[in-house]
Amino acid sequence: MKAFGFLSFGHYGPFRGSETRTAADMILQAIDLAVGADELGVNGAYVRVHHFARQQASPMPLLSAMAARTRRIEVGTGVIDMRYENPLQLAEEAAALDAIAGNRIALGISRGSPEPALRGYEAFGYTGSADPRGADLARSKFELFLSAISGEGIAEADPRQAPEGTRLHVEPHSPGLRDRIWWGSGTRDTAEWTGAQGLNLMSSTLLTEDAGVPFHELQREQIERYRAAYRAAGHERAPRVSVSRSIFPIVTSRDAMYFGSRTDSDQVGVIDGFRSTFGKTYAAEPDELVEQLLGDSAVMAADTVMLTIPNQLGVEYNLHVLESFATHVAPALGWKPNTEGPVEGDPVA
């Protein structure tokens, strides 16, 4: 592990104890949290994307504000549900965001996770999927998105305004943007596909498969298969790999009240029709956390760890969690703060 950031699901609602009661609260607090995290040396600020739910849904305005208010921290998503996106509009927005951020984005994209709406992407006007989960729709749209951000000609020009046969590029164009695109992979097979495409790998706290081994070992195998496929495809750029974890250092009585009684472990269940493995929550005093995380083979194999945060507990408490991790835990894991420059992946050779 070289870097860590926070991953916010952007929950909000008028619930008891919530400091994030409205959508405006959630959005403005996320910006403040990114600013505070940047000052602490945290490497990344990432938001989860869900539709038809009281969570973050349209990330580009929020990420643009985060980028404009910060100097060093990476901003991104974990992940955008491609089923709901117009790929060319997303390409334009991603290039604009990359310009605002000074090339410090980590845009995680995938098919998306189970959602409250039944085929909700069809309500957005995206129909024609033969897959009940819309995976085919997501992949075809993602291919067009990659072509657009790579600067390929997309639309035929009006022959009255350009030579016949001219194909127009999506503008704005941000050179190198493709190197900052991640695919959110939920299985070992999709990790191999991600590697073959030359994309960065984003893996979360669950995998939609069960191999009868601890979650971190299954995820470590996923990372190894990704890197092998990346290398076999002939890609030379050092790729990035991130994993998500729920980690809470217990350093105050408030920490103990919220998380001190947890005795969590990996879980196996069914999600989206697949038997799946869910990673555990880490909550302990710093010395114990260091020992536990050094034994987490996926955390140690990734260059970046995304800490899933309880955003409804407010900016002050979540900055405390990040500062506690940065002060008492992360240095022992190999962390380098954002003052030392952008995060780099591991060489493929």
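The residue numbering used here restarts from 1 in each chain and proceeds along that chain's sequence as written. This being a predicted model, a pLDDT of at least 70 is required before a residue's local features are given, and a value of 80 or more before pairs of side-chain atoms are given or counted; all residues contribute to the totals for chains, interfaces and linings. Hydrogens are left out, water is left out, and the side-chain values use all remaining heavy atoms of the structure.

J.: Got a sec to walk through the overall build of the chain? Specific residues and values, please.
T.: Each helix and strand in the chain was counted, giving twelve helices and 14 strands. All radius of gyration figures rest on C-alpha atoms, and the globule criterion is 2.2 Å times the number of residues raised to 0.38. A compact globule built from 349 residues should have a C-alpha radius of gyration of about 20 Å, and the chain, at 20 Å, falls within 12% of that. Buried residues are those whose accessible area, probed at 1.4 Å on protein chains only, stays under 20% of the maximum for their type, while exposed residues exceed 50% and partly exposed ones sit between those limits. A buried classification covers 51% of the 349 residues belonging to the chain. Within the chain, counting contacts between residues at least 6 apart in sequence, those at least 24 apart form 74% of the total. Note on areas: Shrake-Rupley with a 1.4 Å probe; residue coverage comes only from the protein chains shown. Summed over all atoms, the accessible surface of the chain reaches about 15,300 Å², with 51% contributed by carbon and sulfur. In the chain, the 32 positive side-chain charges and the 45 negative ones have mean positions that sit 2 Å from each other. Per the convention used, a helix needs a DSSP run of H or I reaching at least four residues, while a strand needs a run of E reaching at least two, with both numbered from the N terminus. What makes two residues a contact is simply this: any of their non-hydrogen atoms within 4.5 Å. Under the convention used here, Asp and Glu are negative, Lys and Arg are positive, and both His and the chain ends fall outside the count. Every charge is mapped to an atom, namely NZ of Lys, CZ of Arg, CG of Asp or CD of Glu.

J.: Break down empty space enclosed by the protein for me, citing the residues and quoting the values.
T.: Only protein atoms enter the 1 Å grid, on which a cavity is a set of points fitting a 1.4 Å probe that cannot get out and a pocket is an open set with protein on both sides within 12 Å along at least 5 of 7 lines, lining residues being those with an atom within 4 Å of a point. Grid points are joined across faces, edges and corners, and a volume is the space filled by probe spheres set on the points. The final tally for this structure, using the stated rule, is two cavities of 30 Å³ or more. By volume, the largest cavity amounts to about 90 Å³. If you go around the largest cavity, the residues you meet are S8, G10, T20, M26, Q29, A30, L33, N311, G314, V315 and N318. Mapped onto the lining of the largest cavity, the elements with two or more residues apiece are α1 (23-40) and α11 (315-328). Element by element, the count of residues in the lining of the largest cavity is highest for α1, at four residues.

J.: Give me the lowdown on helix α6 (residues 188-197), citing residues and values where you can.
T.: Within α6, burial applies to R188, A191, T194 and G195. In a view along the axis of α6, the buried residues occupy a sector of 110°, so they form one face of it. If you follow the buried residues of α6, they end up packed against β7 (181-184), β8 (200-203) and α7 (215-232). Pairs of N or O atoms within 3.5 Å make up the polar contacts considered here, provided that, within protein, one atom can donate a hydrogen while the other can accept it, and that residues adjacent in sequence are counted only when both atoms are side-chain atoms. Near the N-terminus of α6, the side chain that reaches the backbone nitrogen of D189, with its oxygen 3.5 Å away, is that of T187. Following α6 by one or two positions, G198 has its phi on the positive side, about 80°. The directions considered for the arc run from the helix axis to the C-beta atoms.

J.: I'd like to hear about the pairing of strand β13 (residues 281-284), residue by residue, with values.
T.: Side chains of β13 alternate between two faces, with T281 and A283 and Y282 and A284 buried alike. The criterion for strand pairing is that DSSP finds at least two bridges linking the strands in question. Bridge count for strand β10 (residues 241-249) against β13 is four bridges, and the pairing is parallel. Paired with P249 across the two strands is A284, which belongs to β13.

J.: Would you mind going over a negative patch on the surface in detail, with residue names and values included?
T.: Surface patches are drawn from residues lacking salt bridges whose relative accessible area is over 30%; two like charges belong together within 9 Å, two nonpolar side chains (Val, Leu, Ile, Met, Phe, Trp, Tyr) within 5 Å. By definition, a salt bridge exists where a carboxyl oxygen of Asp or Glu is found within 4 Å of a side-chain nitrogen of Lys or Arg. Taken together, the side chains of E285, D287, E288 and E291 define an acidic patch exposed on the protein surface. If you trace the backbone, E285 turns up in the loop between β13 and α9 (286-294). In this structure E285 comes out as exposed when scored by relative accessible area, which is 55%.

J.: Describe the environment of H50, and please don't skip the residues or the numbers.
T.: Within the secondary structure layout, H50 lies in the loop between β2 (44-47) and α2 (59-69). A relative accessible area of 12% means that H50 is categorised as buried. Separated by 20 residues in the primary sequence, H50 and A30 have C-alpha atoms spaced 16 Å apart. Once residues lying within four places of it in the same chain are set aside, the contact partners of H50 are F9, Q55, Q56, A57, S113 and P114. For H50, the side chain forms a polar contact with the side chain of Q55, separated by 2.8 Å.

J.: Quick one: what's the story with the nonpolar core, residue by residue and with numbers?
T.: The criterion is simple. A nonpolar core is a set of buried Ala, Val, Leu, Ile, Met, Phe, Trp, Tyr and Cys residues joined through side-chain atoms within 4.5 Å. Core analysis: the largest hydrophobic core is formed by 70 residues, its most contacted members being F145, I181 and F325. The contacts of F145, once residues within four sequence positions are left out, are M82, P87, L90, A91, A94, I109 and I181.

J.: Describe the pairing of strand β14 (residues 304-308), listing the residues and the values that go with them.
T.: When you tally the buried positions in β14, you get five out of five residues, the bulk of the element. The sheet contact formed by strand β1 (residues 3-8) and β14 spans five bridges and is parallel. In the sheet register, L7 faces β14, and the bridge partner there is T308. Inspection of the sheet shows β10 paired to β14 by four bridges, in the parallel sense. Bridging across to β14, R245 finds its partner in L307.

J.: I'd love a proper account of the packing of aromatic side chains, names of residues and values included.
T.: Only centres within 6.5 Å qualify two rings of Phe, Tyr or Trp (six-membered ring in Trp) as a pair; their planes then separate them into stacked at under 30 degrees, edge-to-face at over 60, and tilted for everything else. For the coordinates displayed, the defined rule picks out 14 aromatic pairs. Pairing F4 with W335 gives two aromatic rings, centres 5.3 Å apart and planes at 55°, and the pair type is tilted. With F4 in strand β1 and W335 in the segment after α12 (330-333), the pair connects residues that are 331 residues apart, well separated along the chain. Of the residues examined, W335 reaches a relative accessible area of 13% and is grouped as buried. The interplanar angle of 50° and the centroid separation of 6.3 Å between the aromatic rings of F142 and W193 together place this pair among those described as tilted. Taken as a pair, F142 in helix α5 (residues 135-149) and W193 in helix α6 lie far apart in primary sequence, 51 residues in all. According to the relative accessible area criterion, F142 is buried, its value standing at 1%. With a relative accessible area of 22%, W193 lands in the partly exposed category. Chaining the aromatic ring pairs together yields one cluster made of F52, Y84, Y121 and F124. If you follow R139 out to its NZ or CZ, it ends over the ring of W193, 3.9 Å from the centre. Either the NZ atom of lysine or the CZ atom of arginine qualifies as a charge over a ring when it sits within 6 Å of the ring centre and within 35 degrees of the ring normal.

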